[in-house]
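Structural characterization, general
Read off the chains here:
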Amino acid sequence: MKKKVFFDLASRVNHLSPYLFAAIDKMKQKSLEKGVDLIDLSIGDPDMPTPSHIVNAMKKAVENSANHRYPSYEGMLSYREAVAKWYKKRFNVKLDPHTEVLSLIGSKEGIGHIPLAFVNPGQTVLVPSPGYPVYSVGTLFAGGKSYSMPLRKENNFLPDLNKIPKNVLHNAKLIFLNYPNNPTSATAPREFFTEAIRIALKYKIIICHDASYTEIYYDKKPLSFMQIPEAKDVGIEFHSLSKTYNMTGWRIGFAVGNKNVLAGLGKIKTNLDSGVFQAIQEAAVTALGTDDSILSHIRGKYLERRDILYNGLKKLGMNLIKPKATFYAWVMVPSRFDSMKFVTYMLDKAGVLATPGNGFGEAGEGYVRFAFTAPKESLYEAVDRLKRIL
Ligand SMILES: *Cc1c(COP(=O)(O)O)cnc(C)c1O
């Protein structure tokens, strides 16, 4: 008789907090099986296609056999030059494409790997709560400890850096920041970044700024962390073509800034991956040169959707701040619910799916996130359905 073998997961995997999003997925599957006409506003993934001039650049690049071989891990020079040019044009920030730009297989890849390069077991990483889950997962995989910095409404969803205890700062190696912010949609003023840099210099903490949403704005153009004096001395900025050019499936992003930090991340990458398919890098060069009119068209669509959702939810008496950037609305749940109960209630009674705020960390409890990555007709319909149950 064959013996059944059972393999235990490594503790770093076992220690992952139960993935709330997997539970949501199950709920979603169940209601789809029941034939519910679901309006899914839970996904932070643009529904609009990649602009056709980028797709065409990819078609051409795929035909070129020179692109079929291993790419270099740090990225083609032409790609890194295109990134540097884009930073100069968009932010007036000068970058050396040879040492201050690194290609990534999506920014998630770099965010997940950076703790492996700089965090020793037991060292601390400061992470926002609520926040993109990869900050704390990457930390856990490197053996580090996450210290949650709550983002609260009364502080405009910025962490209060002066409330972090001194002993925590002394043991901290990295800090993750993310503005415009997922999930709260908050933006950060210059003074916030200046204060973060002051503290990082004092305690020798590397700042990792996740800037995935700088191009999705409805108000002032968001800042790059790299625009702040001394930013390059203490940190790097992650960016991605995913949200800006509707390219989430393509897997291409980059990190810029402090060359020693980038070299450390590069060391991890040379040993783990072999870079981004060159055809994708060539298409990304085209993307970074995209005419502003295409981007403002995309922003215009999101703006229209934001207004439908924001005005609709406001009229229902819901408590939220008008998003100045990103494609998320961060909404307080009515007091008789918690995050998960409210999500379940909306799904069961109205077929509208949002994300429970506590899925992004404990401090997200009491909120839900709506993503307006759905056509405006769906948003009108969602508001209409919620009106009937609230
Ligand atoms: C979408 C997202 C990313 C990851 O994007 P990639 O597709 O991996 O480039 C990173 N950070 C935040 C906050 C995001 O929402």
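Residues numbered from 1 in each chain as written. Predicted model: local features only at pLDDT ≥ 70, side-chain atom pairs only at ≥ 80, totals over all residues. Heavy atoms only, no water.

1. Digging into the pattern of salt bridges
Per the counting criterion, the structure on display carries 14 salt bridges. For D47, the salt bridge is made with R305, and the minimal N-O distance between the two is 2.9 Å. Here the residue D47 occupies a position in the loop between β1 (39-40) and α3 (52-63), and R305 occupies one in helix α13 (residues 292-315), the gap between them amounting to 258 residues. What makes D47 partly exposed here is its relative accessible area of 34%. What makes R305 buried here is its relative accessible area of 6%. E100 is the partner of K232 in a salt bridge, and the nearest nitrogen-oxygen pair spans 3.1 Å. With K232 in helix α9 (residues 231-234) and E100 in the loop between α4 (77-91) and β2 (101-104), the pair connects residues that are 132 residues apart, well separated along the chain. Relative accessible area serves as the criterion here: at 29%, K232 is assigned to the partly exposed category. According to the relative accessible area criterion, E100 is buried, its value standing at 13%. It is possible to trace a salt-bridge network through shared partners that takes in D37, E381 and R385. (Salt bridge = Lys/Arg side-chain N within 4 Å of Asp/Glu carboxyl O. Helix = DSSP H or I, 4+ residues; strand = E, 2+ residues; numbered from the N terminus. Buried < 20%, exposed > 50% of the residue type's maximum accessible area, 1.4 Å probe, protein only.)

2. Here we look at the site of the ligand
Neighbouring residues of the ligand: 14 residues in total, closest D210, Y213, S240, S242 and K243. The contact in question runs from an oxygen atom of the ligand to an N or O atom on the backbone of S107, over 2.8 Å. Within the complex, the protein chains bury 94% of what would otherwise be the 380 Å² of accessible surface of the ligand. Breaking the shell around the ligand down by element, the ones donating at least two residues are α5 (107-118) and α10 (241-244). (Near = heavy atom within 4 Å. Polar contact = N/O pair within 3.5 Å; in protein donor to acceptor, adjacent residues only side chain to side chain. Areas by Shrake-Rupley, 256 points an atom, 1.4 Å probe, with all protein chains shown as cover.)

3. Quick look at helix α8 (residues 190-203)
Taking 1.5 Å per residue, 14 residues should reach 20 Å; α8 reaches 20 Å between its end C-alpha atoms and fits that length. Considered for burial, the residues of α8 that qualify are F192, F193, A196, I197, I199, A200 and Y203. Within α8, the buried residues cover an arc of 170 degrees as seen down the axis, which keeps them to one side. α8 presents E191 and K202 as exposed residues on the side facing more than 90 degrees away from its buried surface. Contacts made by the buried residues of α8 are with α7 (166-171), β5 (172-178), β6 (206-210) and α9. (Expected span 1.5 Å × (residues − 1). Arc of directions from axis to C-beta. Contact = heavy atoms within 4.5 Å.)

4. Side note on unusual backbone geometry
Keep in mind that most residues, glycine aside, have a negative phi and that most peptide bonds are trans. Between S129 and the following residue, P130, the backbone shows a cis peptide bond with an omega angle of 0 degrees. By secondary structure assignment, the location of P130 is in the loop between β3 (124-129) and α6 (134-141). Positive phi values are uncommon outside glycine, yet N156 reaches one of about 55 degrees. Among the structural elements, N156 can be located in the loop between β4 (145-150) and α7.

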